[in-house]
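The chain contents come next:
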Amino acid sequence: MNKIKVIVAGPRGKMGSEALRMIKKEEEELELVACIDHKFDGYKVIDVEGLPPFDALIYNNIEECLQAVDADVLVDLTTPEVGYKHTKTALEHGVRPVVGTTGFSDQQLLELTDLAESKGIGAVIAPNFAVGAVLMMQFAKMAAKYFPDVEIIERHHDQKLDAPSGTAVKTAQLIQEVRESKQQGHPDEKETIKGARGADFDGMKIHSVRLPGLVAHQEVVFGSPGQNLTIKHDSFHRESFMSGIKLAIDHVMKLDLLVYGLENIME
Ligand SMILES: NC(=O)C1=CN([C@@H]2O[C@H](COP(=O)(O)OP(=O)(O)OC[C@H]3O[C@@H](n4cnc5c(N)ncnc54)[C@H](O)[C@@H]3O)[C@@H](O)[C@H]2O)C=CC1
Ligand SMILES: O=C(O)C1=N[C@H](C(=O)O)C[C@H](O)C1
């Protein structure tokens with residue numbers, strides 16, 4: 001069977017470098033054909049310290065890359081601003097995006113959905129590729145039918161750019177699908193320090209912790225008289241995301257539209 005030809009954007013990142021290691025392990029099925037980075041233009045991946053031994057070239061310009069190499073999939077693990085441009089450009093060139101990058105606006109996601117549909121090619125955007133995190137979100141949606149009072153606490157390393165996390169926003173969106181909109185806490189509550197009650201999403205609260213030593217952690221705490229229900233997921237290593245990225249690469253080849261959320265392609 002032909003290998004799936006993959007470009008990775010953000011190869012030196014915490015996620016991108018892990019994705020390269022996954023591709024190396026899966027080289028019977030996946031072929032790295034290029035990387036997109038904002039440094040090391042023209043270098044081979046093998047020549048960049050700390051990266052696995054691939055002869056694929058690094059490009060600083062995505063259009064140049066997409067014209068130079070024949071690719072099936074672009075895996076983007078960069079930053080909110082750059083990731084959107086990469087995803088849009090890949091779709092315009094008929095290359096299927098598999099996007100882990102978070103922090104896209106609702107408007108950007110809508111534009112990408114429409115573009116994929118107009119091009120008739122697949123794309124997968126997932127705020128979290130860890131199967132356990134996806135299950136956490138699904139369980140939270142189930143619980144929210146019975147427990148409308150909920151607060152999300154997400155904890156990440158202190159190098160994360162966006163807050164709340166994409167996972168927390170996606171969790172709140174799933175809960176919103178089954179929860180009557182309501183404000184939580186005392187109606188006259190007052191923040192004596194701005195931000196004390198966290199971010200507000202349709203009356204739910206989202207709290208973002210950023211500390212060195214953390215990777216990716218979230219708990220969804222539901223409250224009702226006499227009881228609490230806490231649903232919790234921890235990613236201790238970025239390897240936790242790799243099986244989901246591999247699943248998305250395999251699945252996107254069969255899609256002709258944009259899918260948002262790994263739960264939509266899990267068996
Ligand atoms: N969906 C998921 O399961 C997960 C998603 N993420 C998301 O993935 C993204 C990356 O996360 P990390 O790897 O932790 O960040 P990171 O900061 O370690 O890596 C980002 C990489 O993007 C590169 N970059 C910046 N500008 C670029 C450009 N113009 N062209 C190419 N590369 C460029 C940087 O050099 C860096 O290596 C974030 O948005 C994060 O939220 C992170 C973990 C899991
Ligand atoms: O930046 C990270 O690390 C992560 N970002 C994603 C998010 O914003 O939800 C997924 C995971 O939480 C790790």
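Before reading on, note that the structure itself is shown above.
What counts and what doesn't
Residues numbered from 1 in each chain as written. Chains lettered and ligands numbered in written order. Predicted model: local features only at pLDDT ≥ 70, side-chain atom pairs only at ≥ 80, totals over all residues. Heavy atoms only, no water. Core = buried A, V, L, I, M, F, W, Y, C linked by side-chain atoms within 4.5 Å. Buried < 20%, exposed > 50% of the residue type's maximum accessible area, 1.4 Å probe, protein only. Helix = DSSP H or I, 4+ residues; strand = E, 2+ residues; numbered from the N terminus. Contact = heavy atoms within 4.5 Å. Patch = residues over 30% accessible without salt bridge, like charges linked within 9 Å, V, L, I, M, F, W, Y side chains within 5 Å. Areas by Shrake-Rupley, 256 points an atom, 1.4 Å probe, with all protein chains shown as cover. Salt bridge = Lys/Arg side-chain N within 4 Å of Asp/Glu carboxyl O. Near = heavy atom within 4 Å. Polar contact = N/O pair within 3.5 Å; in protein donor to acceptor, adjacent residues only side chain to side chain. Nonpolar A, V, L, I, M, F, W, Y, C, P; charged D, E, K, R; others polar. Axes fitted to C-alpha atoms, helices over the stretch in contact; angles between N-to-C directions. Parallel < 35°, antiparallel > 145°, perpendicular 65-115°, else oblique. Left-handed = near helix turned anticlockwise from the far one by under 90°. Lys, Arg positive; Asp, Glu negative; His and termini not counted. Charge placed at Lys NZ, Arg CZ, Asp CG, Glu CD. Pairing = 2+ DSSP bridges. Right-handed = clockwise from strand over helix to strand, strands pointing away.

## Considering the nonpolar core
Part 1: In terms of nonpolar packing, the biggest core is built from 56 residues, with L32, V45, V75, F129, F222, I245 and I249 touching the most fellow members.
Part 2: If one sorts the elements of this core by residue count, helix α5 (residues 131–144) sits on top with seven residues.
Part 3: If we skip the residues at most four places from it in the chain, L32 touches V6, V8, L20, I23, V45, F54 and A56.
Part 4: Core analysis: the next-biggest nonpolar cluster, separate from the first, contains 14 residues, A9, I36, Y59 and V69 among them.

## Things to note about a nonpolar patch on the surface
Part 1: On the surface, a nonpolar cluster with roughly 340 Å² of combined accessible area is contributed by V131, L135, F139 and M142.
Part 2: Looking at the secondary structure, you find M142 in helix α5.

## A few points about the site of ligand 2
Part 1: Neighbouring residues of ligand 2: T102, P127, N128, H156, H157, K160, D162, S165, G166, T167, A216 and F241.
Part 2: A distance of 2.7 Å separates an oxygen atom of ligand 2 from a polar atom in the side chain of K160.
Part 3: Grouping the constituent residues of the shell around ligand 2 by class yields three nonpolar, seven polar and two charged.

## Comments concerning the site of ligand 1
Part 1: Taken together, 22 residues lie near ligand 1, and K14, M15, T102, A126 and F129 sit nearest.
Part 2: With respect to ligand 1, the side chain of H38 contributes an N or O atom lying 2.9 Å from an oxygen atom.
Part 3: Contact distances for ligand 1 include 3.0 Å between an oxygen atom and a side-chain N or O atom of K160.
Part 4: Starting from 850 Å² of accessible surface for ligand 1 in isolation, the protein chains cover 82%.
Part 5: Contributions of two or more residues to the shell around ligand 1 are made by α1 (14–25) and α3 (80–92).

## A look at the packing of α3 against helix α4 (residues 106–119)
Part 1: Running from N to C, α3 and α4 point in directions that differ by 10°, and their axes come no closer than 9 Å. When the axis of α3 is compared with that of α4, the two are roughly parallel. Here α3 and α4 pass one another in a crossing that is left-handed. Counting all contacts with α3, which are made through Y84, T87, K88, L91 and E92, the residues of α4 involved are Q108, E111, L112, L115, A116 and K119.
Part 2: Residue composition of the contact of α3 with α4, by class: five nonpolar, two polar and four charged.

## Some points on a negative patch on the surface
Part 1: Judged by side-chain charge, E111, D114, E117 and D256 come together as a negatively charged surface patch.
Part 2: On the secondary structure map, D114 appears in helix α4.

## Comments concerning the pairing of strand β5 (residues 96–99)
Part 1: Alternating residues of β5 divide into R96 and V98 and P97 and V99, and every residue in both groups is buried.
Part 2: Relative to β5, strand β4 (residues 73–76) runs parallel, the two sharing four bridges. Paired with L74 across the strands is P97, a residue of β5.
Part 3: Of the pairings in the sheet, the one linking β5 to strand β6 (residues 123–125) comprises two bridges and is parallel in character. If you follow V98 over to β6, its bridge partner there is V124.
Part 4: In this fold, β5 hands off to α4, which returns the chain to β6; that crossover is right-handed.

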